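# Commentary on secondary and tertiary structure
So the chains spell out like this:
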Amino acid sequence: MQNNIIKDNLTVQHEKDNHRFTMAINGEIAKVAYQLRDDKMYLTYSEVPYNLRGKGYGKELVERTFEQLTKEGYKAVAVCSYIKAVARRSEKWNSIIE
């Protein structure tokens, strides 16, 4: 049996001052941190609160981060191993995210 998450109410916020994207999940915050260099976002770190892990929220966070940064006109380089794995497994993102 798979843990299903309700995706419709999950949104990613870009906190430019903190160099991160965040997603509120059941009152907790998941995040993707980045460094901006040469007009590229280097996605360095992702974190989902411990009690929410293993339920698909990490993948959802990363994919929604990809969508948001693309909408904002950024190119990205995946540094974090988890972010790299999500990009590689996705037909949509594997050719866009370095």
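In short, a report on the structure. Quantities reported herein were computed from a predicted structural model and do not represent experimental measurements.

Below, the discussion takes up the overall build of the protein. Across its full length, the protein holds two helices and five strands. Going from N to C terminus, the protein has its helices and strands arranged as β-β-β-β-α-β-α. Its C-alpha atoms give the protein principal-axis dimensions of roughly 40 × 30 × 20 Å. A burial count over the protein gives 40% of its 98 residues as buried. Across the protein, every contact between residues at least 6 apart in sequence was considered, and the portion connecting residues at least 24 apart equals 46%. For the protein, the computed accessible surface area is about 6400 Å², with 44% contributed by carbon and sulfur atoms. Side chains of the protein carry 16 positive and 13 negative charges; the gap between the two charge centres is 4 Å.

The next subject is unusual backbone geometry. Within the chain, His19 stands out as a residue other than glycine whose phi angle is a positive 50 degrees. Relative to the elements of secondary structure, His19 occurs in the loop between strand 1 (12-15) and strand 2 (20-25). When its relative accessible area of 37% is taken as the criterion, His19 is described as partly exposed. Positive phi, close to 50 degrees, is recorded for Asn26, a residue that is not glycine. Topologically, Asn26 is positioned in the loop between strand 2 and strand 3 (28-37). What makes Asn26 exposed here is its relative accessible area of 65%.

Reading guide: rules and limits
Residues numbered from 1 in each chain as written. Predicted model: local features only at pLDDT ≥ 70, side-chain atom pairs only at ≥ 80, totals over all residues. Heavy atoms only, no water. Helix = DSSP H or I, 4+ residues; strand = E, 2+ residues; numbered from the N terminus. Buried < 20%, exposed > 50% of the residue type's maximum accessible area, 1.4 Å probe, protein only. Contact = heavy atoms within 4.5 Å. Areas by Shrake-Rupley, 256 points an atom, 1.4 Å probe, with all protein chains shown as cover. Lys, Arg positive; Asp, Glu negative; His and termini not counted. Charge placed at Lys NZ, Arg CZ, Asp CG, Glu CD.

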